[in-house]
Amino acid sequence: MDDDVFNRIANLEDELEDIGYIEGLEAGKVIGRIEGREMGCDNGLGIGRDLGFYHGWVQQWLRTAKVRPGLVPDRVLKKLTALQSAIDDVPMANGEGADFGDRLKAIQLKFKT
């Protein structure tokens, strides 16, 4: 009986370490999901705001070109159309191939030229 109690005491540190590891792993998963969701919302908000700006800007110039023919040169119209196409190609949901950062950078570069 004394050996059994002694063995339990000797193994107590390992048992508590295993319990702590499992509890810490579960707590880390919960905290990681919360932090990931917050980061995704922050980044998504910024990307959406930027895309909305570019979309509105392009739409305004395309409407202006329609109302006032000849005001916007053809080469600028081509660039506006290409920019609108790039904006339209951005997926509305996160998933495979939804490289929002790269797509936004490409749109920003088209906007600057």
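Residues numbered from 1 in each chain as written. Predicted model: local features only at pLDDT ≥ 70, side-chain atom pairs only at ≥ 80, totals over all residues. Heavy atoms only, no water.

Q: When you look at the overall build of the chain in this model, what are you seeing that I'm missing?
A: If you tally the helices and strands in the chain, you get 3 helices and 0 strands. Against the globule reference of 13 Å for 113 residues, the chain gives a C-alpha radius of gyration of 28 Å, more extended than a compact globule. For the chain, the spread of C-alpha atoms along the three principal axes comes to 100 × 20 × 15 Å. By residue count, 14% of the 113 residues in the chain fall in the buried class. A sequence separation of at least 24 residues applies to 55% of the contacts in the chain between residues at least 6 apart. Surface accessibility of the chain: about 9,300 Å² in total, with carbon and sulfur atoms responsible for 57%. Computed over 15 positive and 20 negative side-chain charges, the inter-centroid distance for the chain is 28 Å. (Helix = DSSP H or I, 4+ residues; strand = E, 2+ residues; numbered from the N terminus. Rg over C-alpha atoms; globule rule 2.2 N^0.38 Å. Buried < 20%, exposed > 50% of the residue type's maximum accessible area, 1.4 Å probe, protein only. Contact = heavy atoms within 4.5 Å. Areas by Shrake-Rupley, 256 points an atom, 1.4 Å probe, with all protein chains shown as cover. Lys, Arg positive; Asp, Glu negative; His and termini not counted. Charge placed at Lys NZ, Arg CZ, Asp CG, Glu CD.)

Q: How should the nonpolar core be read in this particular structure?
A: As a rule of thumb, soluble globular proteins bury nonpolar side chains together. One finds Leu 51, Tyr 54, Val 58, Ala 65, Val 72, Leu 80, Leu 83, Ala 86, Ile 87, Val 90, Leu 104 and Ile 107 forming the largest nonpolar core, which totals 12 residues. Going through the elements one at a time, helix 1 (2-67), helix 2 (74-88) and helix 3 (100-112) are the ones with two or more residues in this core. Residues in contact with Val 58, not counting those within four places in the same chain, are Leu 80, Leu 83, Gln 84 and Ile 87. (Core = buried A, V, L, I, M, F, W, Y, C linked by side-chain atoms within 4.5 Å.)

Q: Mind showing me how you'd approach the packing of aromatic side chains here?
A: For any pair of aromatic rings, the description consists of the separation of the ring centres together with the inter-plane angle of the planes. In total, this model carries 5 aromatic pairs according to the counting rule given. Centroid distance Phe 53 to Tyr 54: 5.3 Å. Interplanar angle 70°. Geometry classified as edge-to-face. Put simply, the rings of Phe 53, Tyr 54, Trp 57, Trp 61 and Phe 111 pair up and form one aromatic cluster. (Phe/Tyr/Trp six-rings, centres within 6.5 Å; stacked < 30°, edge-to-face > 60°.)

Q: In this structure, what is going on with the pattern of salt bridges? I would like to understand it.
A: In this structure the tally under the stated criterion is 3 salt bridges. The shortest N-O distance in the salt bridge between Asp 50 and Arg 49 comes to 3.7 Å. Among the ionic pairs, Arg 103 bridges to Asp 99, the shortest N-O distance being 2.9 Å. (Salt bridge = Lys/Arg side-chain N within 4 Å of Asp/Glu carboxyl O.)

Q: Whenever I open this one, the side chain of Thr 64 confuses me. Can you help?
A: Locating Thr 64 in the fold gives a position in helix 1. Of the polar contacts made by the side chain of Thr 64, one reaches the backbone oxygen of Gln 60; its length is 2.8 Å. (Polar contact = N/O pair within 3.5 Å; in protein donor to acceptor, adjacent residues only side chain to side chain.)

Q: Where do I start with the side chain of Gln 84 in this structure?
A: By secondary structure assignment, the location of Gln 84 is in helix 2. With relative accessibility at 8%, the residue Gln 84 sits in the buried group. Among residues more than four places away in sequence, those in contact with Gln 84 are His 55, Val 58 and Gln 59.

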